[in-house]
Structure formats: structure tokens, C-alpha cells
Amino acid sequence: MRKWQIKRRNADLERELRSDLDLEEEEQRESGRSPEEAHYAARRAFGNEALIQDQTHETWGWSPVEHLLQDLRYGLRQMRRAPAFTATILLILALGIGAVTAVFSLINAALIRMLPVQDPERLVQFKTISPSFPVNDAFSYPTYKALRTQTPVLDGALAFRRLHNVDFEIDGRSGLAEGQVVSGNYFSLLGVRAALGRTLQPADESVAGQNAVAVISYDYWRSRFALDPAIVGKKILLNNAAFTVIGVTEPAFDGLQPGAHIDVSVPLTTELLVNPGFAAAGTRYDVLTAPYRNWLYVMGRLRPGIAREQAAAGLQPVFAQSMRAAAEGLADAPYVRQAFLQLRLQLDPAGQGLSTLREQFSRPLWIVMAIVGFLLLIACANVAGLLLARANAREREIAVRCAIGAGAGRILRQLMTESLLLALAGGALGMALAWIGSRALLALMQHGRNPVTLRIHPDPAVLVFALSVTLLTAMVFGAIPAWRAAHSDPAHGLAPGRRIAGDAIGRHRFGKSLIIMQVALSLVLLAAAGLLTRTLANLSSFYPGFNRDRVLLFSVDPTIIGYKVSAVRSHTGGNDNVLPLYEQLLARIRAIPGVRSASLSVHTPLSTNVSDTSVRVQGTPAANGSDLTSVDVEPIGPNYFATLQTSLLRGREFTADDRSGTPEVAIVNQSMARHYFGDADPLGRLISIPLYRGDSSWMRIVGEVRDIKVHDLREPATLMLYVPMLQAPEGAATFEIRTAVDPASIQTAALAAVQSIDRRLPVYGVKTLNDQFADSMVEERLIASLSSAFGLLALLLTGVGLYGLAAYGVNRRISEIGVRMALGAQRSRITRMILRETLFLVGCGMVLGMPAAALASRLVASQLFGVRPGDPLTFTLICVLMAIMSIAATYLPARRAASIDPMQALRSE
């Protein structure tokens, strides 16, 4: 019914009621009553006019809508009437709802959201399981080709591999990009269309290295080429190899690995063009022919109605045949050959993409989500306390409404409507804060070793979550104050002189319970924040086996501009020309004033990138699969350990004489020496790594060094084998430069030294070793920073609640305080009384909160380092902090109570 029709019917009803009332009054006068007596008698006989109107509205059927509109209008007037009160509640709700929504937005983007592809729920990732090997997700190209032909259970299978730091040159301008090699059916199987031009097709993969075409991402097209449509058909150079751009992917697609953006995609078979050193074309380790060279991620799309277990069983015979073919080529490593024959295929859900990001950030983000959940509960308790105080202040208003006929349900609905309005307004502000906060959280994740790039936007999942949290919040903080107010005694509200001490205490027990709950929840958050912050401090001061101060790092990859490196380890040097380049660079760098020493390596400590293989020890037979122990191999340059200031325990370092054509040597770390040789001296022992770049020759151990943290500061000692860079060259290298001054002061000179040798050399990863050390703790820094921030915010909210309770209590007890002071109570005693009563509540909250905090600390035990759950020092500090905050929050109301004029207080009553 339209608004003007409702108004007309209401006017008609009012005229009809007025006419009936006038008739009744006329009849009362005719019966002999005076006009005044007739007026009151008519009203008594007629009944409650407002009640009759409500009953009539209910018979019309649209009174609930009218009541809702009335409640909304009245609620808005209440919000305007007390702007300071409204602003305080909105700010508290916005902080709580915004924090929860911001964290959920990040969790949704990183852990929950499905890939923007066709039917992502039918995607599976191929993995292998074995009693001898851990779960592995890499496959050889021949194995992939065998698996993708199994159409009875699959609609198809695709393969891809990342290409980091690709040199992308167009029209003579170079820049580094992130790339990938993909199978020809990659885009078609995913259902990803082109925004411009076309995507790759199976025919583009057909001839190895011959069909050099490329597809770029929409974001790369926008950021580098300003959406220029002429990009299609352009000739480009990728790592000095010629390609033609044939298309641009649609905007939403960033690849199959959430958190990592892809700029350019090329066919799988062009790996030998863009990464010839890795491709090892023409050797037994050729990535396109070697069945034991595992390097590809493989995903498949299940046929409708086919379960993962059913598909895995259907693919197992083909996979087993492929593994037998791989084992035949491993005659020089019989223990690895046997392990290949034990491999079985496993299919995991892949609708959310590769699990790398989930494995890295899943636990930290869920811990942060739990923390902000506690913060939201504290915010709800705080707002409930404010609404309770407001309901007590509106006691007379509610009593009057009850006295004129409003029922408890009507009052309850009105107050819940007001709570809902506050929650919706706070939720809207919270969404704005969440938009800012989620990007701040993402910025914290982008400073790690593997920067995370995610699309964070208010998609339906985030909006539904935010609305659900808002409605739940309204119920949590609004229900009990509204219920208490709706069921209060109207006679009590209308009675004069009702502010007495016993009344204040009895009717505010719920408010005190809210304070106790806030203190307990705040202790839980502060305990988690304290333990996680101490963990970060312990990790920051941890000695990782090297001196990280005053070391500058930068990386170069000469192969992407045409320099040559052998595909396998060489005894003669072959046609390599990277080694002379590296020697020139070292000489130039060492000549820079302020440089104490310099070396190079393929990977640096705590960079997570490392090559692993298995080891043969001469004179030690394989027993119980011990030869399958994974050993990390690191090619390093001369004076590497002196540059890192890592202790050499036995033997010597590599020198410039350990180069191609000389006897092969190696250095082992403590853990590897202990694992293979026990307490015996490893020097002079012979070892071999036949699966590392195809060289099965023996190497003599010439040194033993202290363990260095390679992957993570928390990790147990890694078995490390160091080989000379001059005997085992790689395409890319990282230079380590120890300085006598601030590393930043020589950065320009070091980069100039590189450019003076070859201006085309791409330089990347310029940072200090301290920066890399800090980047290795991005997860710890994320949860420590956020838990500390949210813990302090919880402490602040608790302080606001304590202040509000104390101030409200003082206002309710003005007459009592006046009587006490009139009878001789000292002002200091009044101050102590208010402080004592509030601190008693804080003490109760601590008693309840400490066991909960101890339990919560055990839930985050896996994230701790160097500190135990329930650490006494941490718990003592948070109790002291809570006590200081409580005294500070209560002191002003207590001081105001002590300054009350007794005569004025008594006169006001």
C-alpha cells in the first residue's frame, strides 16, 4: 500500500474514533452529567484510543511494516540526539568489524577463493607418494605426456613451470618479468580466454623450440604497455630468445599459484630457449626427454561424475609404466631407482590453485583471525556496557512508554532496532576500514622472500561475511541490554529519588560482568601478543651460523643475455664463458674502497632456494635406504665462508685454484659429517652426487664448516654439501660483499662495477644480508605485529569500559558519596573506595583470564621460538600492564568522586 493511502486511512480512522468518542460524550451529558464529568466518563467507557488504533492497524495487516518504519525513524532520532555517544559506539564497532573483515578478506583471497577459471571444483593437482620419498608435486615431461592421454577419467591435463626474473626486451628496452612455460592446452583446458589476440594452442607446443610465441597478462599489458592494442604481433626477446606476442589474457586471471603474478607465458617446449642451462638439451638430463627429470607441475580436469580416488586408480597403470621407464635410466643410482618404482599417484583438489601460499600463511592467518575474533567480542562487550548505561539513563522514558500501553515485546523490538541501526552503520564504516586494513596486511606479506600479490576486493563471500558479522554483533551487544530494559519495572522508573547505592550496585551487575569478561579476553590477547612478540625478538637475535651485519647482496644471470654455461658438470670448462665473467666481477668488486671480502654462490642463506640430491659415500654400502637421505648442494666461490664469517672446523676453504680441470673437491657441514661419518674425520673421504647435473665422479672432502641455517631459522640442521662454483658453474649467481662501512654506501659502486664489464647484465635482488634475514621472518612478523596491535587495542577498549563503568557508578552514587563526605569521610578514602571497587573487578577478570590465556598459549605453541607457553615473565608483564591501565582508567572518575561538594550532592536529591 502506498504511503498516501496509509495516511488517508489513518486520518479516516482517527476521524471515526473521534466521532464515536463525541457521541459517547453526548450520551453521557444527556444522562444528566456535567460536561466535565461526561468528558471523563466517555473516555473511561470508550477505552484506550491508542490501543484501539493499534488493534485496528493489526487487522489491516500492514502494522508490522508501519511499526518497523516507526522504530527506524525513532532509532535515527536517538542517534542524532546523542552524537558523541553514537560516534563512540560506531568507532568501536567499526574497529571490531573492520578488523575481522580485513583479515577474512585476506584469508578469502589467499586460502578460500576459487580460481577464476571454468569449473574449478573439477581441477586436481597431481602428486606422488612413496615410503622412501616425501610427497612430491614435480613430474617429468614424458610422464606428463603419458598422463594427459588418459581421457576415460580426465577431460585433459596441463603442465607448467615458473620462470623467475625473465629478461623481457622490446624495442631495445629491457625489464625483468615473471614468466612461466605452459603446455599448449593450458588456457583452453582452464577456460581462460584472451582479452586481445589469442591464447596458446596445442599446436604451439608441437615442435620443441620452434614455435616461439608468447602471451602476456592483462596487468603486465596495462602496467608496461598502457593497454596498447598494437602489442599483438610485436617481436620481443625473452632471455635473449626471439618470441612473438600473440595475445593478452583476460583481466581476472593471474595464474594457478595464488599470491604469485605471471607476466608472460610461453610454450613448454621453449624451455630450451629461455633457460638453456636448465634445459640441458641433447644430454641425458634433457628436460623434454629424460623420464626421471622431474620439473613440471601437472594439473588435470576430472570428467563429470569421476571421483579423485577413482581417477587416481585409473591413472596408476600409466604412471607406473612411466616410472619403470624412469628407473631404467638410473643404473648408476640403484637406491633411487628402487624408490622410483615405489611411487604412487595421488590427486589433490586444485580448485584454489597450488598450495604453496596456503602452506606458508594458513596457520598465521587463522591465528590472526582468532585474535580479531576475541577483539570483536571485547568490542561487543564494550558496546553492550554503553547501551546498558544508556538504557538506565532512559529508564523514565521506557517506564512512561510502558505505562501508556507499550508491551515488553514492543520495547524490546524498538531497542533491538536501534542496536541494528548502530551495527549496520558501524559495519559500513568497518567495511571502509577493512578495505584499508586488508591492503596494509597485504603490504606486510609483500616484504618476505617470496612477495605475495593478491587481488583483494569485496566479492560476494566477503560481503556475506561482513553482513553476517554485523547482524551477529547486533545480537550480541544489543540483546541483553534490550531485554533488561524491556522487562524493567515501570513503577521503579517513575519513582522519584531512585539513585541510591544499593540500586546502583544491584542493577549494574551485568555491566560489571561485562568488564570482567573484557579483562579476561584482553589478557588472552595480550598473552598471545606477548609470546609471539618475544618469539620474533628471539628469532631476530638468533645466530644463524653466519654474521649478517655489513653484507651486501645482489644477483646476476648472464645466461639470459646469451652467456654460456655447461648443462652438466664439466672437467674442462667446455665453452663456458660465465666463469671468466664472474672472476672479473669479483676482481672489480674487491677493488672497491670499503670492501673487506667478496664471494659468490648460487643461493644465499635463508633464501629458501636450494638444490637437493642424494649422496654416495665411497666404501659405505646402501643400507635401509640411508642413501635416499636428501642433501642440499650449494655451489660457492672462493672465500665464501670467510665473507660470511662462518667457522671452518676442519680443513680449508675453496680457493681460485679449485676450478675446471683440477681434482674435484667438496666441503661438508657439521650435520652431514656427523650423519655419514659419525665422530670420524671426514677429510679425505670420497663422495659422489650422480643425480646432480649428470656427474657421477668422486669428490674429495677438503673441509668441514659450522651448520648454517639454509631454509628457515626454526629448521633443524640441514645436511649441506658445498662444491666449488668454478668447478660447477650455474647460470645465475649471487654476490656476497662484506664491507667495513655501511653496505648502502658501496651499493652504487658495486653496481657500477657490474655495468663496467657488461651494461646488458640484469641485476636484481639488491639487498643486505640483514634484509634477507628479516625477510625470512615475514610470517612471524605478521602475526607478532598484528597480535600486538590488536592486543593493545583490546587493552584500550577495556580501559574505555572501565572508565565508563567507574564514571557511571560515580554518577549513580552522587548522593551516597555526599552522605559519606558529610559524615566525615576523607577525599582520599573516597578515591580509594572507587579504585578498590574497580580493581576488584579487574582482579576477578585476571583470575578468569589467566587460565584461558594459558590454554590459548598452548594453541600457538607451534609458532613459538625460544619461549614456552605459559611463560611466567610474559604473564607477569601483561598482568602489570593490565593493572597500570586499570588504575589510569579509573583514576579520573575516582578523583571526580572525591571532588564532589557534599551539600550540592544532597541538595540535588
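Structure shown above.
A quick note: this is a predicted structure, and the numbers were derived from the prediction, not measured. (Residues numbered from 1 in each chain as written. Predicted model: local features only at pLDDT ≥ 70, side-chain atom pairs only at ≥ 80, totals over all residues. Heavy atoms only, no water.)

Caption draft 1: Looking closely at the overall build of the protein chain. Across its full length, the protein chain holds 29 helices and 22 strands. Residue burial in the protein chain is summarised as follows: out of 909 residues, 52% are buried. The contacts of the protein chain with a sequence gap of at least 6 include a subset with a gap of at least 24, amounting to 81%. Summing over all exposed atoms, the protein chain offers an accessible surface of approximately 39,000 Å²; the carbon and sulfur share of this is 58%. (Helix = DSSP H or I, 4+ residues; strand = E, 2+ residues; numbered from the N terminus. Buried < 20%, exposed > 50% of the residue type's maximum accessible area, 1.4 Å probe, protein only. Contact = heavy atoms within 4.5 Å. Areas by Shrake-Rupley, 256 points an atom, 1.4 Å probe, with all protein chains shown as cover.)

Caption draft 2: Geometry of the pairing of strand 20 (residues 720–724). Most of strand 20 sits out of view: five of its five residues are buried. Both faces of strand 20 are covered, namely the face carrying Met720, Tyr722 and Pro724 and the face carrying Leu721 and Val723. In terms of strand pairing, strand 15 (residues 631–636) meets strand 20 through five bridges, oriented parallel. Following the sheet pairing, valine 633 is matched in strand 20 by leucine 721. Here strand 17 (residues 665–669) runs beside strand 20; their pairing, made up of two bridges, is antiparallel. Bridged to isoleucine 667 within strand 20 is tyrosine 722. (Pairing = 2+ DSSP bridges.)

Caption draft 3: Main features of the packing of aromatic side chains. Counted according to the given criterion, the structure contains 22 aromatic pairs. On the basis of an interplanar angle of 70° and a centroid distance of 6.2 Å, the ring pair of phenylalanine 139 and phenylalanine 319 is categorised as edge-to-face. Of the two residues, phenylalanine 139 is situated in the loop between strand 1 (123–129) and helix 6 (141–147) and phenylalanine 319 in helix 11 (residues 308–328); the sequence distance between them amounts to 180 residues. Ring centres of phenylalanine 160 and tyrosine 297 lie 5.5 Å apart, and the angle between their planes is 40°; on these two criteria the pair is classed as tilted. (Phe/Tyr/Trp six-rings, centres within 6.5 Å; stacked < 30°, edge-to-face > 60°.)

Caption draft 4: The arrangement of the pattern of salt bridges in detail. On inspection of all chains with the given rule, the structure shows 18 salt bridges. Ionic pairing is found between lysine 127 and aspartate 348, a salt bridge with its closest N-O pair at 3.3 Å. Remark: aspartate 348 occurs in strand 10 (residues 344–349) and lysine 127 occurs in strand 1; sequence separation between them is 221 residues. Accessibility expressed as a relative area gives 18% for aspartate 348, which makes it buried. For the salt bridge of arginine 148 with glutamate 205, the shortest nitrogen-to-oxygen distance reads 3.5 Å. In this pair, arginine 148 sits in the loop between helix 6 and strand 2 (154–170) while glutamate 205 sits in the loop between strand 4 (194–197) and strand 5 (213–216), placing the two residues 57 residues apart along the sequence. It is possible to trace a salt-bridge network through shared partners that takes in Asp119, Arg122, Asp155 and Arg303. (Salt bridge = Lys/Arg side-chain N within 4 Å of Asp/Glu carboxyl O.)

Caption draft 5: Quick peek at helix 28 (residues 872–898). In a regular helix each residue adds 1.5 Å, so 27 residues correspond to 39 Å; helix 28 covers 37 Å between its end C-alpha atoms and thus fits that length. At tyrosine 891, helix 28 shows its strongest bend, of approximately 35°, with the proline proline 893 following within four residues. Buried within helix 28 we find Thr874, Phe875, Ile878, Met882, Met885, Ser886, Ala889, Thr890, Pro893, Ala894, Ala897 and Ala898. (Expected span 1.5 Å × (residues − 1). Bend = angle between axes of the 7 residues up to and from the residue.)

Caption draft 6: Here's a closer look at the nonpolar core. Residues Leu454 and Tyr722 are the most contacted members of the largest nonpolar core, which totals 93 residues. No other element matches helix 13 (residues 356–393), which puts 19 residues into this core. Among the nonpolar cores identified, the runner-up in size contains 58 residues, and Val166, Phe168, Ala177 and Val336 belong to it. (Core = buried A, V, L, I, M, F, W, Y, C linked by side-chain atoms within 4.5 Å.)

Caption draft 7: Looking closely at the side chain of glutamate 178. Summarising the element assignment, glutamate 178 is placed in strand 3 (residues 173–182). Among the polar contacts made by the side chain of glutamate 178, one reaches the side chain of histidine 164 at a distance of 3.1 Å. Those residues in contact with glutamate 178 that lie beyond four places of it in its chain are Arg162, Leu163, His164, Asn165, His261, Ile262, Asp263 and Val264. (Polar contact = N/O pair within 3.5 Å; in protein donor to acceptor, adjacent residues only side chain to side chain.)

Caption draft 8: Molecular detail of the pairing of strand 19 (residues 699–705). Most of strand 19 is tucked away: six of the seven residues are buried. Relative to strand 19, strand 16 (residues 648–651) runs antiparallel, the two being bridged by three bridges. Bridge pairing links glycine 651 to glycine 703 in strand 19. In this sheet, strand 19 lies alongside strand 17 in parallel orientation, the contact comprising five bridges. By the bridge assignment, valine 668 is partnered in strand 19 with glutamate 704. In this structure, strand 18 (residues 686–688) lies alongside strand 19, joined through two bridges in antiparallel fashion. For leucine 686, the partnering residue across the bridge sits in strand 19 and is arginine 700.

Caption draft 9: Representation of helix 11 within the structure. A rise of 1.5 Å per residue sets the reference length of helix 11, with its 21 residues, at 30 Å; its end C-alpha atoms lie 29 Å apart and thus fit the reference within 8%. Residue glutamine 316 marks the point of greatest curvature in helix 11, where the axis turns by about 40°; the proline proline 317 follows within four residues. All of the buried residues in helix 11 are Ala311, Ala312, Leu315, Gln316, Phe319, Ser322, Met323, Ala326 and Ala327.

Caption draft 10: Just unusual backbone geometry, in detail. You will see that alanine 226, though not glycine, has its phi angle at about 50°, which is positive. Position of alanine 226 relative to the elements: it lies in the loop between helix 8 (218–225) and strand 6 (235–238). Although it is not a glycine, asparagine 240 adopts a positive phi angle of roughly 75°. Asparagine 240 sits in the partly exposed class, given a relative accessible area of 40%.

Caption draft 11: Region of interest: the packing of helix 26 (residues 814–822) against helix 27 (residues 827–859). Across the interface, helix 26 lies against helix 27 with an axial gap of 10 Å and an inter-helix angle of 145°. For helix 26 against helix 27, the interelement crossing comes out right-handed. Counting all contacts with helix 26, which are made through Ile817, Arg820 and Met821, the residues of helix 27 involved are Arg827, Ile830 and Met833. Classifying every residue of the contact of helix 26 with helix 27 by side-chain character gives four nonpolar, no polar and two charged. (Axes fitted to C-alpha atoms, helices over the stretch in contact; angles between N-to-C directions. Left-handed = near helix turned anticlockwise from the far one by under 90°. Nonpolar A, V, L, I, M, F, W, Y, C, P; charged D, E, K, R; others polar.)

Caption draft 12: Representation of a positive patch on the surface within the structure. Taken together, the side chains of Arg73, Arg77, Arg80 and Arg81 make up a positively charged region of the molecular surface. Checked against the element boundaries, arginine 73 lands in helix 4 (residues 63–81). The exposure class of arginine 73 is partly exposed, given its relative accessible area of 46%. (Patch = residues over 30% accessible without salt bridge, like charges linked within 9 Å, V, L, I, M, F, W, Y side chains within 5 Å. Lys, Arg positive; Asp, Glu negative; His and termini not counted. Charge placed at Lys NZ, Arg CZ, Asp CG, Glu CD.)

Caption draft 13: Geometry of a nonpolar patch on the surface. A grouping of Leu420, Leu424, Leu467 and Leu471 is seen on the molecular surface, where their side chains present a nonpolar patch of about 320 Å² in accessible area. Every element with two or more residues in the nonpolar patch is listed here: helix 15 (408–445) and helix 16 (460–486). By the element assignment, leucine 420 lies in helix 15.

Caption draft 14: Quick peek at the environment of serine 776. Here serine 776 is to be found in the loop between helix 24 (769–775) and helix 25 (778–812). Judged by its relative accessible area of 3%, serine 776 falls in the buried class. Separated by 237 residues in the primary sequence, serine 776 and leucine 539 have C-alpha atoms spaced 9.9 Å apart.

Caption draft 15: Just the packing of helix 19 (residues 509–540) against helix 27, in detail. It is at 7 Å that the axes of helix 19 and helix 27 come closest, and there the two elements cross at 40°. With respect to their mutual orientation, helix 19 and helix 27 come out oblique. The two elements helix 19 and helix 27 meet at a crossing, and its hand is right-handed. Together, Lys512, Ile515, Ile516, Val519, Ala520, Leu523, Val524, Ala527 and Leu531 of helix 19 and Leu841, Val842, Cys844, Gly845, Met846, Leu848, Gly849, Met850, Ala852, Ala853, Ala856 and Ser857 of helix 27 make up the contact between the two elements. For the contact of helix 19 with helix 27, the residue count by class is 17 nonpolar, three polar and one charged. (Parallel < 35°, antiparallel > 145°, perpendicular 65-115°, else oblique.)

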